[in-house]
Amino acid sequence: MTTLDTAPTIAARGTRAWRTLSISRTALVGLAIVAVHVLIALLAPLLTSYDPIANDANHALLGPSWSHWAGTDQYGRDVLARVLYGGRYALGVSVAATVLTVALGTVIGCAAALRGGWFDDVLGRVLDAILSIPAVLALLVVVTALGTGPAVIVLAVAIVYVPQVIRVVRGAALAVVPADYVTAARARGESTWSILRREILPNITDVVCVEFAMRASWVVLLISSLSFLGFGADPPTPDWGLMVAENRTAITVVPMAGLAPIIALATLVVGLNLAADGLSKAWGVDRIREGS
């Protein structure tokens, strides 16, 4: 069976998956929540006239009012403005980190499934060693060694989560490698990269998409946790984790300064999780089985 023979099957499966997705309320609700967050982040300059990093000592620690709908923090900065702009940082860094993580994990996982042998065995032992280290601890070690900044955070998240993506993608690819069309491609003398791109990746796209959505929710939480601990965004960057850390001591005075970023973070994570669960059910992807 050749790649051309499998094209109608792949297209038909994609059509069925889209029809199933369109009636999946869980996926639609999750994607709608994420879309709202993306829209708000893009339109932040139009939704507020306040500078998210401008200090105003004369208006510090104010409660919600018509001038400041969510109040101000200890530096007099508008809380709502910082939450709106904070979505830009959270989404920008998280999407970049997730794309890099899933891309590397997908390529390496497919290569391990296709090559097998000593490469797969050695990779498995390396992954076991890396996965034995808690994610937050590994991330702190990387950031401490390389410094802070968005680029470093993206790289650190990729180092921490790539092994988990490799496990999931490898499990999905192992079900495709024995197929006749892969055997035929090997017999034709096609390169490893060509087989990965033309034969394996099109048949595990659903698994990769679900993994991307699920991984994105974990990345958002991990990056916010890093900022909360003081190893992420540098002040006065509008970042949700940093906002919670800065305003936790004044939670009884201006509760919205700490609650607003928590609510924003929680809704984004819930949206990503709902999208991942909906996609998984709509496309029939068993993440536990794929990662085994």
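Conventions adopted
The written sequence of each chain sets the order in which its residues are numbered from 1. Reporting in this predicted model follows two pLDDT cut-offs: at least 70 for local features of residues, and 80 or more for side-chain atom pairs to be given and counted; totals over whole chains, interfaces and linings ignore these cut-offs and use all residues. As a rule here, side-chain values cover all heavy atoms of the structure and leave hydrogens and water aside. Strands here mean DSSP runs of E at least two residues long; helices mean DSSP runs of H or I at least four residues long; both are numbered from the N terminus. Think of it in three bands: residues with accessible area under 20% of the maximum for their type are buried, residues over 50% are exposed, and the middle band is partly exposed, with areas taken using a 1.4 Å probe on protein chains only. Should any heavy atoms of two residues lie within 4.5 Å, those residues are considered in contact. Per-residue accessibility takes into account occlusion by the displayed protein chains alone, with areas from the Shrake-Rupley method and a 1.4 Å probe. Polar contacts, as counted here, are pairs of nitrogen or oxygen atoms within 3.5 Å of one another; within protein the pair requires one atom able to donate a hydrogen and one able to accept it, and residues that are adjacent in sequence qualify only if both atoms are side-chain atoms. Salt bridge, as used here, is a side-chain nitrogen of Lys or Arg placed within 4 Å of a carboxyl oxygen of Asp or Glu. Each patch is built from salt-bridge-free residues with over 30% relative accessible area, joining like charges within 9 Å and nonpolar side chains (Val, Leu, Ile, Met, Phe, Trp, Tyr) within 5 Å. Under the convention used throughout, the expected extent of a helix is 1.5 Å for every residue step, that is, one less than its residue count. Note that the arc is computed from the directions linking the helix axis to the C-beta atoms. As a per-residue measure, pLDDT reflects the predictor's confidence and takes values from 0 up to 100. Centre distance within 6.5 Å is the pairing criterion for rings of Phe, Tyr and Trp, where only the six-membered ring of Trp is used; planes under 30 degrees apart are then read as stacked, over 60 as edge-to-face, and the remainder as tilted. Cation placement over rings: the criterion is NZ of Lys or CZ of Arg within 6 Å of the ring centroid and within 35° of the ring normal.

The secondary structure content of the protein chain amounts to 13 helices and 0 strands. Counted from the first residue to the last, the protein chain has its helices and strands arranged as α-α-α-α-α-α-α-α-α-α-α-α-α. Considering the protein chain as a whole, with its 292 residues, one finds that 47% of them fall into the buried category. Of the contacts formed within the protein chain by residues at least 6 apart in sequence, a portion of 74% connects residues at least 24 apart. Entry remark: accessible area of the protein chain is about 14300 Å², with carbon and sulfur atoms responsible for 68%.

Let's shift gears to the side chain of Asn-203. Mapped onto the fold, Asn-203 is located in the loop between α9 (192-200) and α10 (205-228). Within the structure, the side chain of Asn-203 is placed 3.3 Å from the side chain of Tyr-181, a separation counted as a polar contact. A polar contact of 2.5 Å, which involves the side chain of Asn-203, links it to the backbone oxygen of Glu-199.

Inspection of every chain in the model, using the stated rule, returns 8 salt bridges. Across the pair Arg-77 and Glu-246 runs a salt bridge whose closest N-O atoms are separated by 3.0 Å. Within this pair, whereas Arg-77 is found in the loop between α3 (44-47) and α4 (79-115), its partner Glu-246 is found in helix α11 (residues 240-247), the two being separated by 169 residues in sequence. You can call Glu-246 buried: its relative accessible area is 14%. In this structure, Asp-128 and Arg-167 form a salt bridge, with 2.1 Å as the shortest nitrogen-oxygen distance. Taken as a pair, Asp-128 in helix α5 (residues 117-131) and Arg-167 in helix α7 (residues 150-174) lie far apart in primary sequence, 39 residues in all. Here Arg-167 falls in the partly exposed class, since its relative accessible area comes to 29%. The network of salt bridges with common partners includes Asp-73, Arg-77, Arg-82 and Glu-246.

This next bit is on a nonpolar patch on the surface. Among the surface-exposed residues, Val-36, Val-38, Leu-39, Ile-40, Leu-42, Leu-43, Leu-46 and Leu-47 lie close enough to one another that they form a single nonpolar patch of about 730 Å² accessible area. Elements supplying a minimum of two residues to the nonpolar patch: α2 (25-42) and α3. Per-element tally for the nonpolar patch: the top contributor is α2, with 5 residues. When you line up the elements, Leu-43 lands in the loop between α2 and α3.

Attention now goes to α2. In this model, α2 (18 residues) spans 25 Å end to end at C-alpha, consistent with the 26 Å of a helix rising 1.5 Å per residue. Listing the buried residues of α2 in full gives Ala-27, Gly-30, Val-34, His-37 and Ala-41. In a view along the axis of α2, the buried residues occupy a sector of 100 degrees, so they form one face of it. Relative to its buried face, α2 has exposed residues pointing more than 90 degrees away, namely Arg-25 and Leu-42.

Looking now at the confidence of the model for the protein chain. Mean pLDDT over the protein chain stands at 84; residues scoring 70 or higher make up 90%. Low confidence marks residues 1-8, where pLDDT is under 50. Its contacts with residues over four positions away, or in another chain, come to 10 contacts. Between residues 288-292, whose pLDDT stays under 50, and residues either more than four places distant or in other chains, the model counts 9 contacts.

Per the counting criterion, the structure on display carries 1 aromatic pair. Note on Trp-118 and Phe-119: the rings are 6.2 Å apart at their centroids and 90 degrees apart in plane angle, and the pair reads as edge-to-face. The ring of Tyr-161 has Arg-215 sitting right over it, with the charged end atom 5.2 Å from the ring centre.

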